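In case you want the letters, here they are:
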Amino acid sequence: MSALFQPSTSLLALCPALCQPHLCALHLSMGQLSVEQGSCPAEQEWAGPEALCPGWLEDEAPDGEVPEDSGDHDSATHAFELLQSALCQEGLPHTLDRSAEPRTGFGPLDVTVCILGSPTAFLPILLEGGTRCPGAMVLCLSPTWASRVPSETSPGAWSLLLSRGVSFEAGGHSTLETFVPPRRANYVTGTFTMAGPESGWVGELARDLDCPTGGSVPLTHRLEDPLVTRWVLAARANLPVPPTLAFVLKSRGDLPTELVASGVRLVRLEDPQGQESLVKEEVGTFLGSTAMEPYSQVAVRPAGWRWRGTGTRSTHGKEEGEAVARAVCAWLCGLREEDSILLEALVPTARLPAPPPRSPAPRLPVALRICTLICRSWGDRPQLCQVACAVGRAEAPVRHGVSLPQGLDSSLQQWGVVAPGQRQVLAKRLQEAAEATMAAILATEAGLSPQQRGGTRARTDLLGVDFLLACVDDALELVALSTNSQRCLETCLLAHGMGHAMGEPPSDMPRLVAELLLHWAQCHLVEGKDILLIGAGGVSKSFVWDAARDYGLKIHLVESDPEHFAAGLVETFLPYDSREHRRDEEHAERVAELLRSRGIQPHACLSYWDDCVVLAALVCQRLGLRGCPPAAVRVAKQKSRTHQHLQRCRRGRPPPAAYAVPCRRLQSHGDVDRAAGTVPFPAVAKLEFGAGGVGVRLVENAGQCHAHAARLWRDLRDDDDHPGIGLGWGNAMLLMEYVPGTEHDVDLVVFQGRLLGAWVSDNGPTRLPAFLETAACLPSCLPTDRQAQLVRAALRCCQACGLRDGVFNVELKLGPTGPRLLEINPRMGGFYLRDWIREIYGPDLLLAAVLVALGVPPVLPARPVPRGHLAGVMCLGSEHGVALGGGGGLAALRALQERGLVRLNRLFEETAGDGEYEEPCLSVACGGATRAEACLRLLGLCQALGIDSPRYPVEHFLSHFK
């Protein structure tokens, strides 16, 4: 078999279970194959579009009914009428015309996603976006509704301003509006197809914009060119493609000089005339190659974006070498620089053993198209949104928009893939292939110039890829055929609408796409915003500076350490010693004066550093910026005060008091004696304002509590003794009843008291008696209903304390009777949490905190789906210093991190504290498709590096994640 189809890509190799006898439906013997190949061409099932059989046409003219000519040649009026017809078909009200009453008041913090062109191509996405973010999705139907002005922030680029548009609200309501002054677009996409009345003006309006632009005419030309995409699919995505021989002009510059791709051969011609001998030689070599051995027919056609929809081609038997060469030469006469002449193998569709027919009527050969839609998801990662298949007669075109789509699972059953396990393997392989395709497309686009992309901010955010189910080496294989900019989107939206008509729950595709378009718009919205950050924190917060650069934020940093490493990484560094936090009222006034003297007017103010959350709230109050009331942050910051406050909150079912734990404040040994009479033992003694678990200890009786308090009050007196753990607030303690159960973190995004996002992670068993964190995993092992208990408890506790706007981290324990609160951190979760949530779910807590502080509700996944699993373990200097340092373990971990095999989160440059006051210095995590796989990888790594030991039993820590 040709090297085109590597054994590593075989589905049988991916899933050994497919080789078992009871799953042999996917395995075709060579005898079966020879019988099928001996059939006449009319009975074969051929691939397409690029395989070019009669049953597959690559491209088609724009589909859809042509309305009668009303005599009105205004394209905007015609498009508006089409929109009304589409809304009517969906059972939605007509668009309300309020254009005579101009809308005002749109400012730099208003989200605007602009869709240019067709009123129907993006309709379900517009409707979904109107529900998620009312008024943010705007449809522009005419070039007269928008204007381009030179960008104020990006020299050489343009801003798109909308003077009119159709905006969408919740419930499917839409409104034709006029915007005065014009409304600035934060994200732009549209119908960049080459056909249709809007194809010219859409591309012109979207060219060289200063905001993210989901597509462009140049990028569409690349996606619609089968030679370009076939090279990317084979060379960059390592996917099987039909064997192809391509002839192009030597001057063509959008392909590599030395094109190396399995199954694709490129011949560059100085002059397309008089090349008969060269063509004959190349054609003969191609037809006799090992790649062509399985195939009996080929096709010749001109290709390139200009040829989309023409259907111009000729088919030949493989043995007809002279005729094939003549056909190639005939097309070479009119070859242009952007075109190519392709000679391709006709790849037969896989034919599986089928049960005997129910009737003697002959079975007609059919063809199957597998259409996939992939989006650029959170963190620029490809994500498969939807799959739709179409089945048709082999001798008639099976085209987008002509055949009605159906689901992948039912299509595979129809094709003879009976066992559910086999279909699941194929579906997983399809997801991997589709996402690999988009990753390759994105990587290729990153190397293009702004001119080649259609602008600095132009990129492909939605991608369609067509696949064929073929037979390779007696195994079913997915052959990648082509990419497209919009046809798969329209097919998948049609499938979505058909399911809705049958009462099926709506597919996730419109929601996923709408969420992402709104997310990219919000990313642009924060660019250039002035953010006042109070407290830089340590090395564990280093990601803040990289993220600020990536999001285009201007950070003005107030920091106590005048030599802090972040001084050179921010827009403005404002050294100010605020370590004595009992004087935060005075500090807030001084900071406000400092800003006034520098002429700094921040758009938002926040803090990620636990010590500075109250100061940040006070500064927000003085500057009139959005934030939680200082009183609410004070309640959350002081642990005993949090629980005592919640114990008084007795409204609701259950009331917040149900989550509080009995505790008493300790400032003297007399307080210890009084607390021992009210708090049952065993109990937990810890710092009132502590962070990082420092100074937390399980005490069995009053004597142990006295001893622990004496040591702590002696060793930890002020911030110089142990920076960053809250000693700037004093070293008061509290005694809290011990709560049994498993420990969990809940990270919340709250806007105006409303929950926008929540993520639950699990902690392993702490090292008693000091409660030092050992291990963690994400997503949680808990059932959904138990996670919901934790989320509701965390939200109710925050609301009861007055925390209504922000990103908060809540630590709870979950026992048989439900959740109990440990503490509330009125800031983004620390350690590894932001990194892990971003890796597994996509959203960035840092960006969410900035948006909330700006007064913008972040768009987050309504139904977050984990991309995988992470399991991690904490490393301690006292336990692992030798293995990580002198043993070379840290260097090995960094090398593995560069290869994407581990995730490291450095918490401190060196060991923080010692003995019972020690903090973890490093988090090491491994990922996997399942939790068991992630834990197994992590355990093997820890054993190999010496992190696992009898004193630090990693296997025991991970055994709790079941």
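Shown above is the structure to which this text applies.
Residues numbered from 1 in each chain as written. Predicted model: local features only at pLDDT ≥ 70, side-chain atom pairs only at ≥ 80, totals over all residues. Heavy atoms only, no water.

A. Fine view of the pairing of strand 20 (residues 554-559). When you tally the buried positions in strand 20, you get five out of six residues, the bulk of the element. Bridge count for strand 19 (residues 530-534) against strand 20 is five bridges, and the pairing is parallel. Bridge pairing links Ile534 to Val558 in strand 20. Crossover handedness for the path strand 19 to helix 15 (residues 543-551) to strand 20: right-handed. Pairing analysis gives four bridges linking strand 20 to strand 21 (residues 572-575), with the strands arranged parallel. (Buried < 20%, exposed > 50% of the residue type's maximum accessible area, 1.4 Å probe, protein only. Helix = DSSP H or I, 4+ residues; strand = E, 2+ residues; numbered from the N terminus. Pairing = 2+ DSSP bridges. Right-handed = clockwise from strand over helix to strand, strands pointing away.)

B. Molecular detail of unusual backbone geometry. Arg653 connects to Pro654 through a cis peptide bond whose omega is -10°. Looking at the secondary structure, you find Pro654 in the loop between helix 19 (639-647) and strand 23 (663-666). Positioned with a positive phi, Asp208 is a non-glycine residue whose angle comes to about 55°. Its place among the elements puts Asp208 in the loop between helix 5 (199-205) and strand 8 (213-214). The partly exposed category is assigned to Asp208, whose relative accessible area is 24%.

C. View of the environment of Trp378. Structurally, Trp378 is set in the loop between strand 14 (366-377) and strand 15 (381-393). Each C-alpha atom of the pair Trp378 and Pro843 lies 6.1 Å from the other, and the pair is 465 residues apart in sequence. Residues within four places of Trp378 in sequence aside, it is in contact with Glu515, Leu516, His519, Tyr841, Gly842, Pro843, Val859, Leu860, Pro861 and Arg867. (Contact = heavy atoms within 4.5 Å.)

D. View of the sheet that holds strand 21. What the four strands build is an open sheet, ordered 21-20-19-22; its pairing is parallel. Here the strands that pair on one side only, and so sit at the sheet edges, are strand 21 and strand 22 (604-606). Neighbour to neighbour, the strand axes of the sheet diverge by 20° on average, direction disregarded. Where strand 19 lies against strand 22, three bridges are found, and the strand directions are parallel. Of the residues in strand 22, the one forming a bridge with Leu532 is Cys605. Of the strands in this sheet, strand 19, strand 20 and strand 21 are in contact with helix 16 (residues 584-598), which crosses strand 21 at around 140°. (Axes fitted to C-alpha atoms, helices over the stretch in contact; angles between N-to-C directions.)

E. Geometry of the pattern of salt bridges. A full pass over the atoms with the stated rule returns 49 salt bridges. For Asp339, the salt bridge is made with Arg306, and the minimal N-O distance between the two is 2.3 Å. Of this pair, Asp339 sits in the loop between helix 9 (321-332) and strand 13 (340-345) while Arg306 is found in the loop between strand 11 (297-303) and strand 12 (314-317), placing the two residues 33 residues apart along the sequence. Looking at Asp339, the relative accessible area reads 2%, which means it is buried. (Salt bridge = Lys/Arg side-chain N within 4 Å of Asp/Glu carboxyl O.)

F. Region of the structure containing the packing of helix 4 (residues 123-132) against helix 14 (residues 509-525). Axis separation between helix 4 and helix 14 bottoms out at 8 Å; the angle between their running directions is 65°. The handedness of the crossing between helix 4 and helix 14 is right-handed. When helix 4 is examined against helix 14, the residues Pro124, Ile125, Glu128, Gly129 and Arg132 are found in contact with a partner set consisting of Pro510, Arg511, Val513, Ala514, Glu515, Leu517 and Leu518. Here the residues of the contact of helix 4 with helix 14 sort into seven nonpolar, one polar and four charged. (Left-handed = near helix turned anticlockwise from the far one by under 90°. Nonpolar A, V, L, I, M, F, W, Y, C, P; charged D, E, K, R; others polar.)

G. Looking closely at the environment of Ala567. With respect to the helices and strands, Ala567 occurs in the loop between strand 20 and strand 21. Considering only alpha carbons, one finds Ala567 and His556, 11 residues apart in sequence, at a separation of 9.8 Å.

H. Up close: the sheet that holds strand 10 (residues 264-269). Spatially, the five strands line up as an open sheet ordered 10-9-13-11-12, and their pairing is mixed. Lying at the two open borders of the sheet, with one neighbouring strand each, are strand 10 and strand 12. For this sheet the average axis-to-axis angle between neighbouring strands, irrespective of direction, equals 20°. Here helix 9 sits on the sheet and contacts strand 9 (244-249), strand 10, strand 11, strand 12 and strand 13; the angle it forms with strand 11, its principal contact strand, is near 5°.

I. Structural detail: the packing of helix 17 (residues 613-623) against helix 18 (residues 630-637). Their axes nearest at 9 Å, the elements helix 17 and helix 18 cross at an angle of 175°. In terms of orientation, helix 17 lies roughly antiparallel with respect to helix 18. Where helix 17 abuts helix 18, its residues Val613, Val614, Ala617, Leu618 and Gln621 lie against Pro630, Val633, Arg634 and Lys637. (Parallel < 35°, antiparallel > 145°, perpendicular 65-115°, else oblique.)

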